[in-house]
Amino acid sequence: KKSGDRTEQWGFLVNRGWRPWASWVYNNGAAVVKKNADGLATEMALDDPNAIEALQFLQDLMYKEGVSPRPDIEGEAGGFQLFASGKVGVMLTNPTDVSRFRTIDSFKWDVATLPIGKADRRGTGGGGTGWAIPKGTKHPDEAWEFLKFISSAEAQLDEVRAGATTPSRVSVVTSKEFVDPSKPPAHAAAFAQGQEYVVRDPVHTRWPEVFQRVITPNMDTLWGGTKSAAEVAQTIKTEGDKILKGA
C-alpha cells in the first residue's frame, strides 16, 4: 500500500537468516549441499536451477515487486516492530518468538506453513538444542541426572509456559499446554507438525568455515541487490566446494 511514492504497508518481510532462506530452497525442490550415504556434506548445491529460482524470488520481492521492505528499511525499524505496527502483513520467524508476539493486542495473528513450490515434500531449516556430557567430566552421575531433568516433560512444559521453544517430546508438543486454544496462535499445532519436515544444518567439519567465509558475505550481495541469485549461487558453489573438498 502506497501514499504517493511512500510505502505504508508491505505484504511480506523477507527473513534473511540462514535457516529461513534455506527453507525456501528446500520447498522449491533443491538443497543447500549434496550429501553422501552417511549424511555428510560433499559439495554445495545452490547452483541447482530450483535453488536459484527460490533465491531470486526472495530478492525480487524486495527489488522488483516491491512487496517486501529492503534491508535498510528493516534495519531502521526492526522486523517484529514492522509486523506489530501493521506495516508488514506476513513475516517468517522462529517459534521461540511466540511469547513476544503474544504482546500484540491491536490485532489477531496466527501461524501457517511455508508455501511449497516445486518440491515433492516440504522442508524447513532447523535444528534443535543438543545436550551432552563431556567424556572427562568429574561428575558423570550428577551430569546424567541433569540431562534426565532438562529433557523431561516437566522441564519442557516450563519452557512452553515461557513461550520459549517448540518441545521435542511428542507428549508435550501435542499437549493442551502447548496447543492452547485460549492463547494465540490458534494453529500452534503447525509447529508440532513442522518437526517432521525439519532439514538439519549441513554436517561437515569445515561447514562453519564455509558458512562464515563464503555463504554469509555472498548472500549479503543478494540481499543488497547488487548481484543476481545465479551469480551468488555460482560463487558460493565455486568457493564453497574448494573448502569442503579440501578438508
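Our structure's up above, just so we're on the same page.
Residues numbered from 1 in each chain as written. Predicted model: local features only at pLDDT ≥ 70, side-chain atom pairs only at ≥ 80, totals over all residues. Heavy atoms only, no water.

Asks: Help me out: how do you make sense of the overall build of the protein in this one?
Replies: Within the protein one finds eleven helices and eight strands. Taking all 247 residues of the protein together, 38% fall into the buried category. A total of about 14200 Å² of accessible surface is found on the protein, and carbon and sulfur atoms cover 52% of it. Taken together, the 30 basic and 31 acidic charged side chains of the protein have centroids lying 1 Å from each other. (Helix = DSSP H or I, 4+ residues; strand = E, 2+ residues; numbered from the N terminus. Buried < 20%, exposed > 50% of the residue type's maximum accessible area, 1.4 Å probe, protein only. Areas by Shrake-Rupley, 256 points an atom, 1.4 Å probe, with all protein chains shown as cover. Lys, Arg positive; Asp, Glu negative; His and termini not counted. Charge placed at Lys NZ, Arg CZ, Asp CG, Glu CD.)

Asks: Whenever I open this one, the packing of aromatic side chains confuses me. Can you help?
Replies: Each aromatic ring pair is specified by the distance between its two centres and by the angle formed by the two planes. Scanning all chains against the criterion turns up twelve aromatic pairs. Aromatic pair Trp 24 and Phe 57: ring centres 5.7 Å apart, planes at 40°, arrangement tilted. You can see Trp 24 sitting in helix α1 (residues 18-27) and its partner Phe 57 sitting in helix α2 (residues 49-63), a full 33 residues away along the chain. Between the aromatic rings of Phe 80 and Phe 101, the centroid separation amounts to 5.2 Å while the plane-to-plane angle is 80°, which identifies the pairing as edge-to-face. With Phe 80 in helix α4 (residues 79-84) and Phe 101 in helix α5 (residues 98-101), this residue pair connects regions lying 21 residues apart in the sequence. Phe 80 sits in the buried class, given a relative accessible area of 14%. Given the relative accessible area of 6%, Phe 101 is considered buried. An aromatic cluster of three or more residues is present, and its members are Phe 80, Phe 83, Phe 101, Phe 107 and Trp 109. (Phe/Tyr/Trp six-rings, centres within 6.5 Å; stacked < 30°, edge-to-face > 60°.)

Asks: Please clarify how the pairing of strand β5 (residues 41-44) should be interpreted in this entry.
Replies: Side chains on a regular strand alternate between the two faces of the sheet. Direction of pairing for strand β4 (residues 33-35) relative to β5: antiparallel, over a ladder of three bridges. Bridged to Lys 34 within β5 is Glu 43. The loop that links β4 with its antiparallel partner β5 comprises five residues; one of these, Gly 39, has a positive phi angle of about 85°. (Pairing = 2+ DSSP bridges.)

Asks: It is not clear to me how the side chain of Asn 28 should be interpreted in this structure. Could you clarify?
Replies: Summarising the element assignment, Asn 28 is placed in the loop between α1 and β4. When residues no more than four places from it in sequence are discounted, the contact partners of Asn 28 are Asn 50, Glu 53, Ala 54, Gly 117, Lys 118 and Ala 119. (Contact = heavy atoms within 4.5 Å.)

Asks: What should I look at first to understand the pattern of salt bridges in this one?
Replies: When their charged atoms lie close together, side chains carrying opposite charge are able to pair. Counted by the stated rule, this structure contains 13 salt bridges. Taking the shortest distance from any N to any O, the salt bridge between Glu 145 and Lys 148 comes out at 3.0 Å. With Glu 145 and Lys 148 both in helix α6 (residues 140-150), this residue pair falls three residues apart, about one helical turn. Residues joined by salt bridges that share partners form a network here, namely Glu 43, Lys 237 and Asp 241. (Salt bridge = Lys/Arg side-chain N within 4 Å of Asp/Glu carboxyl O.)

Asks: Would you mind showing me how to read a nonpolar patch on the surface here?
Replies: On the surface, Trp 131, Phe 146 and Phe 149 cluster together to form a nonpolar patch covering roughly 320 Å² of accessible area. Counting through the fold element by element, Trp 131 comes out in the loop between β7 (124-126) and α6. Look at Trp 131 and you get partly exposed, because its relative accessible area is 48%. (Patch = residues over 30% accessible without salt bridge, like charges linked within 9 Å, V, L, I, M, F, W, Y side chains within 5 Å.)

Asks: Is there a simple way to explain the nonpolar core in this structure?
Replies: A general tendency of soluble globular proteins is for nonpolar side chains to be buried together. Ranked by size, the top nonpolar core spans 35 residues in total, and within it Trp 21, Val 32, Met 44, Leu 46 and Met 219 carry the most contacts. If you list the elements that add at least two residues to this core, you get α1, β5, α2, α10 (207-223) and α11 (229-245). Looking at this core element by element, the count peaks at seven residues for α10. The contact partners of Met 219, leaving out residues within four places of it in the chain, are Trp 21, Leu 55, Val 232 and Ile 236. Counting residues in hydrophobic clusters, the runner-up holds eleven residues, among them Leu 13, Phe 80, Phe 83 and Met 91. (Core = buried A, V, L, I, M, F, W, Y, C linked by side-chain atoms within 4.5 Å.)

Asks: Help me understand the environment of Phe 149, please; the structure alone is not making it clear to me.
Replies: Looking at the secondary structure, you find Phe 149 in helix α6. With 37 residues separating them in the primary sequence, Phe 149 and Ala 112 have C-alpha atoms 32 Å apart.

Asks: Help me out: how do you make sense of the packing of α2 against α10 in this one?
Replies: How two helices pack is summed up by the angle between their axes together with the distance between the axes. Where α2 meets α10, the closest approach of the two axes is 9 Å, and the angle between their N-to-C directions is 45°. Classified by the angle their axes make, α2 and α10 are oblique. Across the interface between the two elements, Leu 55, Leu 58, Gln 59, Met 62 and Tyr 63 of α2 pack against Met 219, Thr 221, Leu 222 and Trp 223 of α10. (Axes fitted to C-alpha atoms, helices over the stretch in contact; angles between N-to-C directions. Parallel < 35°, antiparallel > 145°, perpendicular 65-115°, else oblique.)

Asks: Help me understand the packing of α10 against α11 in this model?
Replies: In contact at an axis separation of 9 Å, α10 and α11 are set at 170° when each is read in the N-to-C sense. By the angle between their directions, the pair α10 and α11 is classed as roughly antiparallel. Taking contact as the criterion, the partners of Glu 209, Val 210, Arg 213, Val 214, Ile 215, Asn 218, Met 219, Thr 221 and Leu 222 in α10 are, on α11, Ala 229, Val 232, Thr 235, Ile 236, Glu 239, Gly 240, Ile 243 and Leu 244. Looking at the contact of α10 with α11 residue by residue, the classes come out as ten nonpolar, four polar and three charged. (Nonpolar A, V, L, I, M, F, W, Y, C, P; charged D, E, K, R; others polar.)

Purely spatial values, then, with no claim about function.
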